[in-house]
Amino acid sequence: SAPGDGRHRTLTHRFSIAPGCSMQAFQNIPLRTDRLVLRPLRETDADALLAIFSDETVMRYWSTPPWTSHEPARAMIAADLAQAHRDHLRLGIELVESGLLLGTCSLFSINYTCRRAEVGYGLGSFAWGHGYMHEALQALLDFGFGELDLNRIEADIDPRNSASARTLERLGFTKEGFLRERWIVGDEVSDTALYGLLRREWRRQP
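Quick caveat, the model's predicted, so the values are computed rather than measured. (Residues numbered from 1 in each chain as written. Predicted model: local features only at pLDDT ≥ 70, side-chain atom pairs only at ≥ 80, totals over all residues. Heavy atoms only, no water.)

A.B. asks: What is the right way to read the nonpolar core from this model?
C.D. replies: Where a protein is soluble and globular, its nonpolar side chains tend to be buried together. Grouped together as the largest cluster of nonpolar side chains are 40 residues, with contacts concentrated most on L38, V119, L140 and F173. Breaking this core down by element, the ones donating at least two residues are β2 (36–39), β3 (89–95), β4 (101–111), β5 (116–123), α4 (132–145), β6 (152–157), α5 (162–170) and β8 (188–198). Per-element tally for this core: the top contributor is α4, with 9 residues. One finds L41, V58, M59 and L101 within the second-largest nonpolar core, a separate group that totals 14 residues. (Core = buried A, V, L, I, M, F, W, Y, C linked by side-chain atoms within 4.5 Å. Buried < 20%, exposed > 50% of the residue type's maximum accessible area, 1.4 Å probe, protein only. Helix = DSSP H or I, 4+ residues; strand = E, 2+ residues; numbered from the N terminus.)

Next comes the structure, spelled out in structure tokens:
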């Protein structure tokens, strides 16, 4: 599983939305796999989110520094609860066996006109190495290409994040571009590797 993420940007964009399709599709959440439940974040998740995203190893290739208080967690949860236009979908990744929150995965910057979105993800370091993120993203991509009728899903990662690159490639993503010095997080300047996956490519996979 990837220690990093498809980098999350500020989720405030507004696009032309097909209300009937999008709102009906969002009613089919939570998503379930053999080991996981992907469900909306709750106010009670603040402590678990802080534990995950204050970890420097998890945040090494993120688009923000490690969290140092509950404020980002509460802001994330509040933004999700208040969001009415459905231009992003962020789900907590919960372990069925114990109810433990392992991380999050997202479809964001959803453009219903162009049927395109970006994917982001982050997993607590305690949960690495068990295939949880691959399992979660399979369900999320199925939802995006199926229920949301997306044609293309993109990912923006730090090219040094080899674990995240392997996660995307295992899911069928293709590296499509390289952008120099695109991010500045703290005092560190970093590049972007852009990946893309088309619905017809996803459906050809076993």
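A.B. asks: Help me out: how do you make sense of the pattern of salt bridges in this one?
C.D. replies: Two side chains with opposite charge may pair up if their charged atoms get near one another. By the definition in use, this model includes 13 salt bridges. For R42, the salt bridge is made with E94, and the minimal N-O distance between the two is 3.8 Å. One end of the pair, R42, is in the loop between β2 and α2 (46–53); the other, E94, is in strand β3, with 52 residues separating them in the sequence. Residue D80 pairs with R90 through a salt bridge whose shortest N-O separation is 2.8 Å. Of the two residues, D80 sits in helix α3 (residues 71–82) while R90 sits in strand β3, which places them 10 residues apart along the sequence. (Salt bridge = Lys/Arg side-chain N within 4 Å of Asp/Glu carboxyl O.)

A.B. asks: Please clarify how the pairing of β6 should be interpreted in this entry.
C.D. replies: Side chains on a regular strand alternate between the two faces of the sheet. Summarising the sheet, β5 and β6 pair through 3 bridges and their orientation is parallel. Note on β6: the bridge partner recorded for A117 is I153. Crossover handedness for the path β5 to α4 to β6: right-handed. Bridge count between β6 and β8: 6 bridges; the pairing is antiparallel. Note that in β8 the partner of D156 across the bridge is L194. (Pairing = 2+ DSSP bridges. Right-handed = clockwise from strand over helix to strand, strands pointing away.)

A.B. asks: What is the right way to look at the packing of aromatic side chains in this model?
C.D. replies: Any pair of aromatic rings gets described here by the distance separating the centres and the angle formed by the planes. Tallying each qualifying case throughout the model produces 3 aromatic pairs. Ring centres of F53 and W62 lie 5.2 Å apart, and the angle between their planes is 50°; on these two criteria the pair is classed as tilted. With relative accessibility at 0%, the residue F53 sits in the buried group. Between F53 and W67 the ring centres are 5.0 Å apart and the planes differ by 40°, which places this aromatic pair in the tilted class. Taken as a pair, F53 in helix α2 and W67 in the loop between α2 and α3 lie far apart in primary sequence, 14 residues in all. Grouping aromatic residues by their ring pairs yields a cluster made of F53, W62 and W67. (Phe/Tyr/Trp six-rings, centres within 6.5 Å; stacked < 30°, edge-to-face > 60°.)

A.B. asks: Sorry, what's going on with the sheet that holds β2 here?
C.D. replies: Strand pairing in a sheet relies on backbone hydrogen bonds, with the paired strands running either antiparallel or parallel. Read from one edge to the other, the open sheet built from 8 strands follows the order β1-β2-β3-β4-β5-β6-β8-β7, with strand pairing classed as mixed. On the outer flanks of this sheet lie β1 (31–32) and β7 (174–185), each paired with one strand and no other.

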